[in-house]
Amino acid sequence: MPLTSFGQAVIYMKIKYPIPAPHTLTVEEIFKTLQTDLSQGISKAESASRSIQFGLNSHQSQKKKSILKMLVGQFKSPIVYLLFVAAGVSFYFQNTIESVAILIVILVNALIGFFMELQARSSMMALRKMDISFSKVIHGGKVVDVPSDQVVPGDLMLLEAGDLVSADGRIVECNQLACDESSLTGESFPVLKNIDTLTSDVDLADRINMVFKGTAIMNGNGKFVVTGIGENTELGKITIMVDSATSTATPLDKKISALTRKLIWITLGMTAIFSLSGVIEGRSWLLILETSIALAVAAFPEGLPIVATVALAYGMLLMANKNAIVKKLSAVETLGGVNVILTDKTGTLTENKIHIAQLSFPDEEVAVSIRKGIITYKNEAVLKNKENFEKMTLIGVLCNNAPMEQVEEKKKAVGDPIEIALIGLANAMALKPTTINNKYKRLSEVPFSSETKIMGTLHQRDKNYFISAKGSVEDLLLKCSTIQIGDKIEKITPTQKKAILAESEKMAADGLRVLAFAYREEKKTEKENFLQQLIYVGMIGFLDPPRLDIKPAIIACRKAGIKIVMITGDHPMTALNVAQRIGMLVDNDDQVIAGKELPKMESISKKWREKILSTAVFARTTPKQKLEIVNVYQKAGFVVAMTGDGVNDAPALKKADIGIAMGLRGTQVAKETASIVLKDDSFTSIAGAVAHGREIFQNIQRFVIYLVSCNLSEIFIVTILGFVASGSMLLPLQILFLNMITDVFPALALGLGKGDQSVMLKPPRDPKLEIISNKNWVMIFIYACLMTLSVLVAVFYCKYFITTNPHLINNIAFITLAFSQLFHVFNMSSVHSGIWINEVTKNKFVWLALLLCAVLIIGVYVFSQSRAALGLVIVPANIWLVAILASLLPIVIVQLYKSIR
């Protein structure tokens, strides 16, 4: 029998857990089902018993790669596998130096990638907050602080403004309780809670009799009974979805794998041709085998993994300087291939802060903006109805329970964000809310409730009484008998009420949360039933506004051919309003689809897939629906980036090709799941990162063309020399030296260069295309043929006019190919660039690479040990001259072609 921490035997009380649809149960049914009490809660002993029975109120944090697993992951690449095979073959034939050299290449590449990902992990650790929270729980009639992970089903918990909810629960008592659920549902405004019983088909965002783990209490107080802990909370269910969502291979990984397969087929083809001709001509098997090894070494660009890793690492560092923490190297390039961004609304496109957006008076409507304590009227409007505005501001201060001193001092205030915005309005008008409240002594209050939908306060100033009220337009108008228009007060007519209601509906259709304001002043009043015979003043429309920098970023993405789609849990009209304000919608977009309209994705029709792909805004979506929308886009061939900051975004962040989380406002679940974390929470940083990713892909494509053309020329040279001068054929170690020296350093320089600055004015590349297109393969073939031609010219010239010594002929081929490949880097400039001034000649890294390679080649000849290892001999100056002149042949021909074109 299990024991409690006090050594007492545990007797389990039989309770039904987990509870299906607790929002459908009455308060009495909840107490009965979980065997708890409104005043006493459960006992401490029962709490310990249930903790053993049901476990801790925690979920497994996402599994982190161990250091060893992260290191091993650097070796998981098709090219690395092939390099291991090449090293093994070389070792088998006792070519130890070749084998060791290849293994060093593999190790250096792995260490670079390992340390860059380790640095990203350290950056994430710096962002993580390791807080231990406590919850107020009633045990045996006493309020105690309990660690949040020890809360159990049936616990009776207290809530007040500023608390973070630590478990899911059914509300059993509340007073003006309002909860910020934006991280879970995407709803911008706090949700006013009550204890009413709901039907089973109510959406998560509309379960107003429940509170959920991870959300925050903004206003009021209350009690709730815990109905779900750990993985049985809504937060826990999302965490399970995150763990089950599979990450897809990045486009770069797929492209490099495809390139590797092509190189294998090229090698096999050239080896088969040479082997067949060798057998026919009766050549020795040893010669055929040595040539085959040379071809294998020549075919694989051993430097490609290092160059690609360094180029991505360099991009990773640059992005870190621009407030983007990249957690995985390949994400740098993948971001450049993105052609659709699925973005959350709350906190990503908007500020996640309530602002006053519109004032409406009986004879005018004015759009306003309050930023940094300064009020401005949009469209050069001039406020005519100052009397109504001043009275509305006074009502907003008096009929208010926000912490005024904190707002005045611009501290982070806990409370209803609408009431905080009203205090901000008073501050912008140079009024002192605390001073006003001291002058108007509060005598009574009618709290806001879901039944009345009105809040009212009674105040006394000197011998006069002042009643202030705010609430829903329809309900407050029922309490109004007169209307203020400027300095006049007159009886309100049915026509005026109808016009006010029509205006409020228009404001609501624009995505605004609308409140009406009214008051009454008199010398005598009833202290109980004072919300009667009120004077209507006007309305205020509240909005979670778009971020100031968002519209230019949206325009930049659209010019770059990137589609922006909003996926939010907020109300459809609110989402549509934000989309219109930031210029997201285009003519051929469907407007908005609500989550309840979406069919089950398991049986989705072609028509619905097309409808989803043409829709710009999805509202009231669940985390599962966000995940499924990502899947629809991926199956349609899109490279998908998903941005978000909430718990509800995490599964889709993981499923997307690139998940981008907000570092400041983002929840820990979102940041751990994403591939990239923005330290400044700016959508603008995404547009900059996409541009940088495109430049990096251009650089990758450029150095891959350079490397592959160099390797293909080596294949051609080995094959041809194998036929015409088998004794002078390039040795495997010579080819490996060329691949690791004359190829790698210029390729690195190309990878670190500045890309085309107009990348964001072009459409995204087709994700279905390989890293080297058919047109590129034609150019690679031409480049390889020209370098082969330069070697053959040097070889045959020296053979007929200088020497027939096979060792010298071998050295001539080696020197010519080395310098031909070095000069070939200048052929990597774009077709439309100048011959002398272009992106390659302006790249300082290219000149440093050429200088280094020239020094290394000469250095090899200076030291006898290196000469012996590579099979080199001292060659006369006239041979050097022939080799260098011949090596200029490819660059001369290519540049002449470019100038003529």
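Reading the values: rules and limits
Residues numbered from 1 in each chain as written. Predicted model: local features only at pLDDT ≥ 70, side-chain atom pairs only at ≥ 80, totals over all residues. Heavy atoms only, no water. Helix = DSSP H or I, 4+ residues; strand = E, 2+ residues; numbered from the N terminus. Buried < 20%, exposed > 50% of the residue type's maximum accessible area, 1.4 Å probe, protein only. pLDDT = per-residue confidence, 0-100. Contact = heavy atoms within 4.5 Å. Pairing = 2+ DSSP bridges. Polar contact = N/O pair within 3.5 Å; in protein donor to acceptor, adjacent residues only side chain to side chain. Patch = residues over 30% accessible without salt bridge, like charges linked within 9 Å, V, L, I, M, F, W, Y side chains within 5 Å. Areas by Shrake-Rupley, 256 points an atom, 1.4 Å probe, with all protein chains shown as cover. Salt bridge = Lys/Arg side-chain N within 4 Å of Asp/Glu carboxyl O. Expected span 1.5 Å × (residues − 1). Bend = angle between axes of the 7 residues up to and from the residue. Core = buried A, V, L, I, M, F, W, Y, C linked by side-chain atoms within 4.5 Å. Phe/Tyr/Trp six-rings, centres within 6.5 Å; stacked < 30°, edge-to-face > 60°.

Caption draft 1: Summary view of unusual backbone geometry. Positive phi values are uncommon outside glycine, yet A21 reaches one of about 50 degrees. Structurally, the position occupied by A21 is in the segment before α1 (27–34). Among the residues examined, A21 registers a relative accessible area of 30% and is labelled partly exposed. One non-glycine residue, R620, lies in the positive phi region at around 50 degrees.

Caption draft 2: Main features of the confidence of the model for the chain. Scored by pLDDT, the chain comes out at a mean of 81, with 86% of its residues at no less than 70. Every residue in residues 1–12 scores below 50 in pLDDT, and together they form 22 contacts with partners more than four places removed in sequence or on other chains.

Caption draft 3: The arrangement of the pairing of strand β3 (residues 156–160) in detail. As judged from the 2 bridges shared by strand β1 (residues 134–139) and β3, these two strands associate in the antiparallel manner. Directly across from I138, in β3, lies its bridge partner L156. Of the pairings in the sheet, the one linking β3 to strand β7 (residues 216–228) comprises 5 bridges and is antiparallel in character. Paired with E160 across the two strands is N221, which belongs to β7.

Caption draft 4: Representation of the side chain of N194. Mapping N194 onto the fold places it in the loop between β5 (191–192) and β6 (210–211). A distance of 3.1 Å separates a polar side-chain atom of N194 from the backbone nitrogen of D196. N194 has contacts with I171, C174, I208, N209 and S450, leaving out every residue within four places of it along the chain.

Caption draft 5: View of a nonpolar patch on the surface. On the surface, I273, F723, V724, F796, Y797, Y800, F801 and I802 cluster together into a nonpolar patch covering about 810 Å² of accessible area. Counting residues per element, the ones that place at least two in the nonpolar patch are α24 (683–724) and α26 (774–801). Sort the elements by how many residues they give to the nonpolar patch and α26 lands first, with 4 residues. Within the secondary structure, Y797 is located in helix α26.

Caption draft 6: Layout of helix α25 (residues 732–751). In a regular helix each residue adds 1.5 Å, so 20 residues correspond to 28 Å; α25 covers 26 Å between its end C-alpha atoms and thus fits that length. In α25, a bend of some 40 degrees at V744 exceeds every other bend along the element, and P746, a proline, comes one to four places later. In terms of residue burial, α25 counts as a mostly covered element, since 19 of its 20 residues are buried.

Caption draft 7: Representation of the environment of N385 within the structure. As for its placement among the helices and strands, N385 is situated in the loop between β12 (374–377) and α12 (386–398). Given a relative accessible area of 3%, N385 falls into the buried group. C-alpha of N385 to C-alpha of E364: the two residues are 21 residues apart in sequence and 7.6 Å apart in space. Discounting chain neighbours no more than four positions away, the residues touching N385 are F361, D363, E364, I485 and G486.

Caption draft 8: Region of interest: the nonpolar core. One finds L335, I341, F683 and F703 to be the most contacted residues of the largest nonpolar core, which totals 128 residues. With 22 residues, the top contributor of residues to this core is α24. Not counting chain neighbours up to four residues away, the residues in contact with I341 comprise C557, I562, K563, I564, V565, A641, T643, F683 and I686. Judged by nonpolar contacts, the second largest core, of 38 residues, contains M392, L398, I418 and L422.

Caption draft 9: Examining the pattern of salt bridges more closely. The full count for this structure, using the stated rule, is 12 salt bridges. Where R442 meets E445, a salt bridge forms, and the shortest distance between an N and an O atom there is 2.9 Å. What makes R442 partly exposed here is its relative accessible area of 29%. Taken together, the salt bridges that share partners define one network made up of R207, E234 and K237.

Caption draft 10: Up close: the packing of aromatic side chains. Taken as a whole, this structure holds 13 aromatic pairs when the rule is applied. Centre to centre, the rings of F819 and F823 are 6.3 Å apart; their planes meet at 40 degrees, and the pair counts as tilted. With F819 and F823 both in helix α27 (residues 806–824), this residue pair falls 4 residues apart, about one helical turn. On the basis of relative accessible area, F823 is assigned to the partly exposed category, the value being 21%. Between Y861 and W880, the aromatic rings sit 5.2 Å apart at their centres with planes inclined by 70 degrees, giving edge-to-face as the arrangement. Of this pair, Y861 sits in helix α28 (residues 844–862) while W880 sits in helix α30 (residues 877–887), and the two are 19 residues apart along the sequence. These aromatic residues form a ring-pair network of at least three members: F819, F823, Y861 and W880.

Caption draft 11: How the structure looks around helix α14 (residues 417–428). Here α14 is 12 residues long and its end C-alpha atoms lie 16 Å apart, about the 16 Å a rise of 1.5 Å per residue gives. Where burial is concerned, most of α14 is hidden: 11 out of the 12 residues are buried. Trailing α14 by a residue or two, A430 shows a phi angle of about 65 degrees, which is positive.

Caption draft 12: Just the side chain of Q358, in detail. Structurally, the position occupied by Q358 is in strand β10 (residues 355–361). By relative accessible area, which is 16% here, Q358 ends up buried. For Q358, the contacting residues outside a window of four places in its chain are E365, V366, A367, V368, E503, M507, L512, M539, I540 and G541.

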